[in-house]
Amino acid sequence: MRLLLVEDNVSLADELTASLQRLGYAVDWLADGRDAVYQGASEPYDLIVLDLGLPGIPGLEVLQQWRAGGLVTPVLILTARGSWADRIEGLKAGADDYLSKPFHPEELQLRIQALLRRARGLANQPTLDAAGLQLDEGRQCVSREGEDVQLTAAEFRLLRYFMLHPQQILSKSHLAEHLYNGETERDSNVLEVHVNHLRRKLGRSVIETHRGQGYRFGGALP
Amino acid sequence: MKSIQSRLSLGLVVMLVVVGLGLAQVSLWLFEVGLHRYLESGLRKESENLLMALVQGQNGVELDQRRISAAYNRQFSGYYFRIDFDGKSWRSRSLWDTELPRPETAGLHDGLELGPEGQQLLVLRADYRRQGQAISISVAQDYTPMRDGFRRMQQVGLGLGLLALVMVLILQRLIVKRSLRPLERSREQIAQLQQGKRTQLDSEVPSELEPLVAQINHLLAHTEDSLRRSRNALGNLGHALKTPLAVLLSLASSERLRESPELAAQLREQLEQIQQRLSRELNRARLAGDALPGAHFDCDVELPGLLSTLGMIHGDGLLIRRDAPVGLSLPWDREDLLELLGNLLDNACKWADSEVCLGIRQTPDSYLLWVDDDGPGIPADARQGVLERGARLDEQVAGHGLGLGIVRDIVEAWHGRVDLRESPQGGLRVHVELPRRAGR
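Residues numbered from 1 in each chain as written. Chains lettered and ligands numbered in written order. Predicted model: local features only at pLDDT ≥ 70, side-chain atom pairs only at ≥ 80, totals over all residues.

A. Representation of the overall build of chain B. Looking only at helices and strands, one finds 8 helices and 14 strands in chain B. For chain B, the proportion of contacts with a sequence separation of at least 24, taken over those separated by at least 6, is 57%. (Helix = DSSP H or I, 4+ residues; strand = E, 2+ residues; numbered from the N terminus. Contact = placed C-beta atoms within 7 Å.)

If you want it as structure tokens, here you go:
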């Protein structure tokens, strides 16, 4: 899952980036509204965390421009202006959720998790269920038939993306775009290695290879 | 305070009645005096004629019947005389068998009543001296027809005066109404202002009203402006404080403090207190309260946005209903009311199982707002405690506590009342009663 964080306070952005990365999200950080308008619309983000008090262009205007341009990525607004009038205005501009500062880091994480699932049309349950697997995003481990399977950070990230997009053929470049932020060097061989690790831990049939197209998760299971 | 119109009318009526009656009385008196004088000269001539008619006959002094007017011989003709001389007293035949008393003194006398017809007589007594003999001649004339005419004239005058008074009053009313129309318009505009239908008074007014209207407009603009500025400043202050707080909160729960969990816990606790205090105080300071006369909250416009926002925050599984009359407008600031309803509904959504209902009703002297949920509710004996917990800043807890604290602040600023009840669905009902403001 790749997130865009638009926040002009450097310390907060550093903290948030670090904590989000720990949770297995690939995070791109921008501090200026003008950059955000462009990059938010051009890169394939799964979710955007947007602060409203931005230099350049105010956050609300950035959001309006995105929505006017047809961007459907879920947007979570992060702002110090927590009044209900402001919240309504934000959601009217096209935000999907609203979190006012200061907030607990866990709350932000839960909201992001819920938004990502909602965007995929999934119910907000404690675990992410797909293809007979239950993924606990808090503990970063997966269980199959009641049995816990430990995952590395990279495997967790990959599996989560697969489980949020079951039955879909995902190309390597698509996966790379959504699993790594803009600064990471993308090596498709690394992806192959992680897919193989997942197959070894969860069974070969969990991820099918469609030659020339990409991978499909949970295809063999009902 | 009485209206200017009725004061002017009253003043004018009193003045017109006093002056009109005074004038009428004086002119009648003058007229009567003139008439008396005229009649006196006639009577004096009559008395001189009678004196001339006294001739020396065979038996001494006689009255020459040929030289006196025929009216003195006709019974109760209205013309009478009496001649007193030498101990004798002659009366005119017209007196018939009644006596015309001789006035005590010479000159004109009125008010004498005589005869079966009750004639009012005007009597003139003139004293002469002829051939060494004192002759006193009293001549009388019936004054009744003139008095009757006089009375008629008085009545006609009174009628005309009343008619004129009524006309003057109608005209005055029209004129006053015309000249007070700008005042009336300003009054209507102030009423509109209070209903939230306008934000400024029309400045096209007569020069007398101009300073007043300009001052009101200035005050309105100033209040609105200072409210906006203070809200802006508070927003900036909030922003300036809340972002660092968010950083600190994030730091307090970061990996780096994993080694010393006690320190992390203390940090978090203190930061949480700062955060709650800060948001409560900032919210309290943001309240417009009663400052804006034109503030109003259009339920049909604002509620759908608020409810869909809540629906978005709390997910699709929750049904949020509203039960408010169409076209209802509440006379309070939009942001304040959104804050009140937002907090009430947010709380309800947190606790509800599947349904939240917002109800608004208007009563003759207040507005009633209630929010129902179908959650676990609060036992009756614990409800007061929940409300009081919200009231004390240092005892706030998240959930019902903090949200209700802000609700209480807002409701108190509007002199209203909050109480907790049981909802029909078995959960909690937060019931708010807001008294109407004067003039709304």
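B. Inspection of the packing of helix H1 (residues 4-53) of chain B against helix H2 (residues 144-194) of chain B at higher detail. All names here are of chain B. Interaxial distance between H1 and H2 falls to 10 Å at its minimum, and their mutual angle equals 155 degrees. It follows that H1 is roughly antiparallel to H2 by the angle criterion. Both H1 and H2 take part in a crossing whose hand is right-handed. Across from Ile-4, Gln-5, Leu-8, Ser-9, Leu-12, Val-13, Leu-16, Gly-20, Ala-24, Leu-28 and Leu-35 in H1, the residues of H2 making contact are Met-146, Gln-154, Gly-157, Gly-161, Leu-165, Val-168, Leu-169, Gln-172, Arg-173, Val-176 and Leu-180. (Axes fitted to C-alpha atoms, helices over the stretch in contact; angles between N-to-C directions. Parallel < 35°, antiparallel > 145°, perpendicular 65-115°, else oblique. Left-handed = near helix turned anticlockwise from the far one by under 90°.)

C. Representation of the confidence of the model for chain A. Per-residue pLDDT for chain A has a mean of 84; in total, 98% of the residues score no lower than 70. Averaged pLDDT values over the elements of chain A bottom out at 80 in strand E6 (residues 128-130) of chain A and peak at 91 in strand E3 (residues 47-51) of chain A. (pLDDT = per-residue confidence, 0-100.)

D. Just the packing of helix H3 (residues 210-252) of chain B against helix H4 (residues 261-286) of chain B, in detail. Residues and elements named next belong to chain B. Where H3 contacts H4, the axes come no closer than 10 Å and their chain directions differ by 165 degrees. On the basis of the axis angle, H3 is roughly antiparallel to H4. When you trace H3 past H4, the crossing you get is left-handed. Between H3 and H4, the contacting residues are Arg-231, Leu-234, Gly-238, Leu-241, Leu-245, Leu-248, Leu-249 and Ala-252 on the first element and Ala-264, Leu-267, Arg-268, Leu-271, Ile-274, Gln-275, Leu-278, Leu-282, Ala-285 and Arg-286 on the second. Of the residues in the contact of H3 with H4, the class split is 13 nonpolar, 2 polar and 3 charged. (Nonpolar A, V, L, I, M, F, W, Y, C, P; charged D, E, K, R; others polar.)

E. Focus on the sheet that holds strand E13 (residues 417-422) of chain B. Residues and elements named next belong to chain B. What the 5 strands build is an open sheet, ordered E9-E11-E12-E14-E13; its pairing is mixed. Of all strands in the sheet, those with a lone pairing partner are strand E9 (319-323) and E13, marking the two edges. Mean inter-strand twist for the sheet, computed between neighbouring axes without regard to direction, equals 15 degrees. Note: E9 against strand E11 (residues 355-363), 5 bridges, orientation parallel. By the bridge assignment, Arg-321 is partnered in E11 with Cys-357. Sheet contacts for helix H5 (residues 299-314): E9 and E11; angle to E9, the most-contacted strand, approximately 165 degrees. (Pairing = 2+ DSSP bridges.)

F. Quick look at the interface of chain A and chain B. Facing the 26 residues of chain A at the interface are 27 residues of chain B. Taken together, the elements giving at least two residues each to the side of chain A that touches chain B come down to helix H1 (10-22), helix H4 (84-92) and strand E5 (97-100) of chain A. Sorting elements by how many residues they give to the side of chain A that touches chain B places H4(A) first, with 6 residues. Each residue belonging to the side of chain A that touches chain B can be placed in one class, and the counts come to 11 nonpolar, 8 polar and 7 charged.

G. Expanded view of the environment of Ala288(B). All names here are of chain B. Along the chain, Ala-288 turns up in the loop between H4 and strand E8 (297-298). The spacing of Ala-288 and Leu-227 is 61 residues in sequence and 6.9 Å in space, taken between C-alpha atoms. Residue contacts for Ala-288: discarding those within four places in its chain leaves Leu-227, Ala-295, Asp-333, Glu-335 and Asp-336.

H. Here's a closer look at unusual backbone geometry. Geometrically, the link from Lys101(A) to Pro102(A) is a cis peptide bond, its omega value of -10 degrees lying close to zero. Within the secondary structure layout, Pro102(A) lies in the loop between E5 and helix H5 (105-119). For Phe76(B), which is not a glycine, the phi torsion comes out positive at approximately 50 degrees. Structurally, the position occupied by Phe76(B) is in the loop between strand E2 (60-63) and strand E3 (79-85). Look at Phe76(B) and you get partly exposed, because 16 C-beta atoms sit within 10 Å. (Buried ≥ 20, exposed ≤ 12 C-beta atoms within 10 Å, placed from the backbone.)

I. Quick look at the nonpolar core. Counting 109 residues, the largest nonpolar core has Leu3(A), Val6(A), Leu50(A), Leu76(A), Leu159(A), Met163(A) and Leu345(B) as the members making the most contacts within it. Among the elements that take part in this core, helix H6 (residues 334-351) of chain B stands out by supplying 8 residues, more than any other. Filtering out sequence-adjacent residues up to four positions away, Leu50(A) remains in contact with Val6(A), Gly59(A), Val62(A), Leu63(A), Val75(A), Ile77(A) and Leu78(A). The next biggest cluster of nonpolar side chains, apart from the first, holds 18 residues, and it includes Leu50(B), Tyr72(B), Leu124(B) and Val139(B). (Core = buried A, V, L, I, M, F, W, Y, C linked by C-beta atoms within 7 Å.)

J. Quick peek at the environment of Leu340(B). Residue and element names in this part refer to chain B. Along the chain, Leu-340 falls in helix H6. The sequence separation of Leu-340 and Ile-410 amounts to 70 residues, and the corresponding C-alpha distance is 6.7 Å. The residues contacting Leu-340, other than those within four sequence positions of it, are Val-407 and Ile-410.

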